[in-house]
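A structural walkthrough
Chain by chain, the residues:
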Amino acid sequence: VYDLARDLFARVQRRSWAAHARHPVGDTIGRIAQDSWCVHVIVDVLCIGPGHAVITTVVMVAVMLQLDAGLTALALAVAPCMVAAAWVFRKPMRDAAHARRAIESELQAHVHQTLTSVPAVQAFSREEVEQGRFAALTAAAIHAHQRGALVGSAYALGSGLVTTLGTATVMWYAAMRVLDGRLTLGTALVFLAYLTSL
C-alpha cells in the first residue's frame, strides 16, 4: 500500500501543469492518501476472503454430507437465493459507493482550495460564500452516506431473511427426521452448528 502511495506521489509530481489544473489538489491528496489503501481491500476481499470461504465451504459440506445427505442438499438449496440477493443489490451498492467517494473528494478539494487561498477569500469577503458551498457539499455527503446505508441495510435485510428462512426450513426438516427416528437429536444439533458456519 505504501509502495503504491509512494509511486502515486512520484507520478503526480511529474504531471504537467495542465493535468494539475484539471484535477483539484484535494482530489489528488485523496487519491494518494486514501485510494492507495484500496489495494489492501481488494486483496483482502477478492483473494483472502474468497479463499477462506471456499476452504470453509468444502470442509463444511464434506462433514455435513457425512451426517445427512438430504439435509445437506436442502441447506445448499439456499445458496442460489443468497447469490440472487447479492446480484440484485450489487449495482445499487456500487453506485452508492461511487457517489460517496465523488462527493467526499469534492469536499476535500473545496476545503483544501479554500484554506490555501485564505488571503484572497478574506480580501474579497468570500467567507460566507465558501461556508455556504461547504455546507452544500456536506449536505450532499450526508445524503450519499444515507443512501449507501439504506442500500446496505436493504441488502443485509434481504440476505438475512434468506438465511433465516433457509435455516428455519432445515431445522423443521431435521426436527421431522428426529421425530421419525431417522436422525438422532445430537446429529441434528451438530448439523445445525455446521449449517451456521456454512
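For the structure, see preceding data.
**Here we look at helix α8 (residues 127-180)**
Over its 54 residues, α8 extends 78 Å from the first C-alpha to the last, a length consistent with the 80 Å expected when each residue adds 1.5 Å. In the core, the buried residues of α8 are packed alongside α5 (69-76), α6 (79-116), α7 (118-123) and α9 (185-197). Where α8 ends, the next residue or the one after it, G181, has phi of about 85°, a positive value.

**Side note on the pattern of salt bridges**
If charged atoms from side chains of opposite charge come close, those side chains can pair. Applying the stated rule across the entire model yields seven salt bridges. Residues R177 and D68 are paired through a salt bridge, measuring 3.2 Å at the closest nitrogen-oxygen approach. With a gap of 109 residues between them, R177 in helix α8 and D68 in the loop between α4 (38-67) and α5 connect regions that are remote in the sequence. The exposure class of R177 is buried, given its relative accessible area of 13%. The partner of K91 in a salt bridge is D95, with the nearest N and O atoms 2.8 Å apart. One end of the pair is K91 and the other is D95, both in helix α6 and four residues apart, which spans about a single turn. What makes D95 partly exposed here is its relative accessible area of 28%. Each of D3, R6 and D7 takes part in a single network of salt bridges with overlapping partners.

**As for α6**
Between its terminal C-alpha atoms α6 stretches 53 Å, which fits the 56 Å expected from 38 residues at 1.5 Å a residue. Its axis deflected by about 40° at R90, α6 carries its strongest bend there, up to four residues before the proline P92. Within the span of α6, buried status applies to A85, F89, A96, I103, S105, L107, A109, H110 and T114. Looking at the buried positions of α6, the neighbouring elements they touch are α3 (25-33), α7 and α8.

How each quantity is defined
- Residues numbered from 1 in each chain as written.
- Predicted model: local features only at pLDDT ≥ 70, side-chain atom pairs only at ≥ 80, totals over all residues.
- Heavy atoms only, no water.
- Helix = DSSP H or I, 4+ residues; strand = E, 2+ residues; numbered from the N terminus.
- Expected span 1.5 Å × (residues − 1).
- Contact = heavy atoms within 4.5 Å.
- Salt bridge = Lys/Arg side-chain N within 4 Å of Asp/Glu carboxyl O.
- Buried < 20%, exposed > 50% of the residue type's maximum accessible area, 1.4 Å probe, protein only.
- Bend = angle between axes of the 7 residues up to and from the residue.

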